[in-house]
Amino acid sequence: MTERRRVAITGLGVVTPAGIGLPRFRTALRGVRSPVRRIDRFDASTFRSQVAAQVDDFEPRDHLDAKTARQLDRFSQFSLVAGRMALEDARLEPGRGGAAAPERIGIYLGSALGGIAFAEEQHERYIERGIRSVSPMLALAVFGGAAPANLGIALGIHGPILSTANSCASGAVALGEALDAIRSGQIDAAIAGGAEVPLSPLAFGAFDIIRALSAGSNDVPECAARPFDGARDGFVMGEGAALLVLEALDVAERRGAEPYAELLGYGSTSDAHHMVQPRADGREAARAAAIALADGGVRPDEVDYVSAHASSTPIGDVAEARAIARALGERAATVPVSGTKALYGHPLGASGAIEAGICALTIRDGWAPATANLRQPDEETASLLPGLLREGRPGQYRRVLSTSFGFGGLNAALVLGDLDS
């Protein structure tokens, strides 16, 4: 049997409310300041929830030429900017300096809603002024594959392109699929992660109407996202993108790359239970984590840190605490755990990719971020996960687990490790 190839993470690009680009994002992870604010992208005065995590300082022409910026919607703009940043961070030029050839590089990008905000904007134009007022780019922008396709065109990448739409687990699933493609020898490298731009009235309102969003902190928006906190009342919708460069380790070493970490394992399951509510016992979420650990050859007692999905919903966070406790057994009593979404909101399908990036930084930098806004976890969560981090913590984090869950009961987990694992 041919030995599986090892896969290294060699580059990271981020566009988030906490910062655009790695230096600013890294700095934000060391703090506890939430970027959540009252929405000003549209009038939310009639909604229960009126807060969001917006990327306010993104000016497309700061990152893209005028023609490209004009042709792409925000979903594809975020993806292209994050992808280019990731390649630059990895110092990778396809086909040069020992790097994988363009036809041996794939693009794997997850998004729950794709170009929905642009579609909604264009629909308003249609209603007001008719079909001739609609952008000719609409048909080419709304589908989930638009962003990775545009990224492939811009970068001249000829390998496989896959878009995943597994709700809020989309970014993690994209990374897992890229991992499997490199390990199997189908490709030598991938640009993989997630992007989401859901801040439009109809998309936002759809989640608000089912009471999934936080509505109790409209007057103190920086407190709205409260992962694992006893006062949490729903998630805070955000936008953003994170793309990682994955390379077969031998290819990365050949060109002298300096990896952040190794992507070791991937697992996914389905609750097959309910479209909104997760299984209360966390059984299938725990099984996804167990599959990822086994896939990566990591025992539960070897996990040094958990980056939790922790979307700040009353039911979801406690179900996740049960899942982590179930997957890690005795190790759950001592393992450090962070829920980081108060630092950048919940960008749906992009969140798993952002959190995988955080895990890679945790391993390289030796720093686990805090669970911002965690004042007092509910009693069960505190008993299941005593290691919840209220402050950032330095340390040696050799093997880490990242969990992602989405509506429909879609579960995904990734395991990362240092290169000596």
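Quick caveat: nothing in here was measured; it's all calculated off a predicted structure.

What counts and what doesn't
Along each chain, numbering runs from 1 in the same order as the chain's sequence is written. In view of the model being predicted, local features appear only for residues whose pLDDT reaches at least 70, and side-chain atom pairs are presented and counted only at 80 or more, with totals across whole chains, interfaces and linings using the full set of residues. Note that the side-chain values use all heavy atoms of the structure and ignore hydrogens as well as water. Only residues above 30% relative accessible area that lack a salt bridge enter a patch, with like-charged residues linked at up to 9 Å and the nonpolar side chains Val, Leu, Ile, Met, Phe, Trp and Tyr linked at up to 5 Å. Only the protein chains shown count as cover for residues, and all accessible areas are computed by the Shrake-Rupley method using a 1.4 Å probe. Salt bridges are identified by distance alone: a Lys or Arg side-chain nitrogen within 4 Å of an Asp or Glu carboxyl oxygen. For the purposes of this entry, the term helix denotes a DSSP run of H or I that reaches at least four residues, the term strand denotes a run of E that reaches at least two, and both are numbered from the N terminus. Given a helix with a known number of residues, its expected span is that number minus one, times 1.5 Å. Here the term buried applies to any residue with accessible area under 20% of the maximum for its type, exposed to any over 50%, and partly exposed to those in between, with areas from a 1.4 Å probe on protein chains only. Aromatic rings from Phe, Tyr and Trp, taking only the six-membered ring of Trp, are treated as a pair when their centres fall within 6.5 Å; an angle between ring planes under 30 degrees marks them as stacked, one over 60 as edge-to-face, and anything in between as tilted. The contact definition used throughout considers only heavy atoms, calling two residues in contact when any of these lie within 4.5 Å. Charged residues are defined here as Lys and Arg on the positive side and Asp and Glu on the negative side; His and the ends of the chain fall outside this count. Polar contacts, as used here, are pairs of N or O atoms within 3.5 Å; protein pairs need one atom able to donate a hydrogen and one able to accept it. Residues neighboring in sequence count only if both atoms are side-chain atoms. We define the nonpolar core as a collection of buried residues of types Ala, Val, Leu, Ile, Met, Phe, Trp, Tyr and Cys that are connected through side-chain atoms lying within 4.5 Å of one another.

Colleague: Where do I start with a nonpolar patch on the surface in this structure?
Modeller: Where nonpolar side chains cluster on the molecular surface, the patch consists of Ile209, Ile210, Met275 and Val276 and spans about 430 Å² of accessible area. Here Ile209 lies in helix α7 (residues 201-209).

Colleague: Which parts of the structure should I look at to understand helix α3 (residues 74-90)?
Modeller: The α-helix advances 3.6 residues per turn, and as a result positions three or four apart in sequence lie on the same side. In a regular helix each residue adds 1.5 Å, so 17 residues correspond to 24 Å; α3 covers 24 Å between its end C-alpha atoms and thus fits that length. The buried count for α3 comes to 13 of 17 residues, which makes it a mostly enclosed element. Looking one or two residues beyond α3, the residue adopting positive phi is Arg91, at roughly 55°.

Colleague: Could you clarify how one ought to interpret helix α11 (residues 351-365) in this entry?
Modeller: Its 15 residues place the ends of α11 20 Å apart at the C-alpha level, agreeing with the 21 Å of an ideal helix rising 1.5 Å per residue. The element α11 is largely enclosed, with a buried count of 13 among its 15 residues.

Colleague: What is the right way to look at the pattern of salt bridges in this model?
Modeller: Opposite charge on two side chains lets them pair, provided their charged atoms get close. Under the defined criterion, the tally for this structure stands at 26 salt bridges. Two residues, Glu93 and Arg96, come together in a salt bridge whose shortest N-O distance is 3.3 Å. With relative accessibility at 47%, the residue Glu93 sits in the partly exposed group. Take Arg96: its relative accessible area is 58%, and that puts it in the exposed class. A salt bridge links Arg232 to Asp378, with the shortest nitrogen-to-oxygen separation between them at 2.9 Å. Linking Arg232 in the loop between α7 and β8 (240-248) with Asp378 in the loop between β12 (367-368) and α12 (379-384), this pair joins segments that are 146 residues apart in sequence. Asp378 carries the same exposure label as Arg232, and that label is buried.

Colleague: Looking at this structure, how should I read the packing of aromatic side chains?
Modeller: For any two aromatic rings, the description comes down to two numbers: the centre-to-centre distance and the angle of the planes. For the structure shown, the criterion picks out seven aromatic pairs. A centroid spacing of 5.8 Å and a plane angle of 75° characterise the contact between Phe207 and Phe235, whose relative ring orientation is edge-to-face. Of this pair, Phe207 sits in helix α7 while Phe235 sits in the loop between α7 and β8, and the two are 28 residues apart along the sequence. You can call Phe207 buried: its relative accessible area is 14%. Exposure remark for Phe235: the relative accessible area of 5% places this residue in the buried category. An angle of 65° between the planes, with centres 5.8 Å apart, marks the rings of Tyr305 and Tyr397 as edge-to-face. Residue Tyr305 is found in strand β10 (residues 305-308), and its partner Tyr397 is found in the loop between β13 (393-394) and β14 (399-406); the two are separated by 92 residues along the sequence. Judged by its relative accessible area of 0%, Tyr305 is buried. Since its relative accessible area comes to 5%, Tyr397 is described here as buried.

Colleague: Explanation requested: the environment of Ala189 in the structure shown.
Modeller: For Ala189, the location among the structural elements is in strand β7 (residues 189-196). According to the relative accessible area criterion, Ala189 is buried, its value standing at 1%. Residues Ala189 and Val251 lie 62 residues apart in sequence; the distance between their C-alpha atoms is 8.3 Å. For Ala189, the residues in contact, after removing those within four places along its chain, are Ala100, Arg104, Ile105, Gly106, Ile182, Leu246 and Glu247.

Colleague: Sorry, what's going on with the side chain of Arg226 here?
Modeller: Turning to its location among the elements, Arg226 is positioned in the loop between α7 and β8. One buried charged residue, Arg226, forms no salt bridge at all, with the nearest opposite charge on Asp229 at 4.3 Å. Separated by 2.7 Å, the side chain of Arg226 and the backbone oxygen of Cys223 make a polar contact. Setting aside residues up to four positions removed in sequence, Arg226 forms contacts with Ser217, Ala231, Arg232, Ser312, Asp317 and Asn373.

Colleague: Hey, could you run me through the nonpolar core in this one?
Modeller: Soluble, globular proteins show a tendency: their nonpolar side chains are buried together. Residues Leu246 and Leu416 are the most contacted members of the largest nonpolar core, which totals 56 residues. Sequence-distant contacts of Leu246, that is, excluding residues within four places in its chain, are made with Val7, Ala8, Ile9, Leu175, Ala178, Leu179, Ile182, Asp188, Ala189, Ala190, Ala192 and Leu263. Counting residues in each nonpolar core, the second largest holds 34 residues, with Leu64, Phe75, Met85 and Leu109 among its members.

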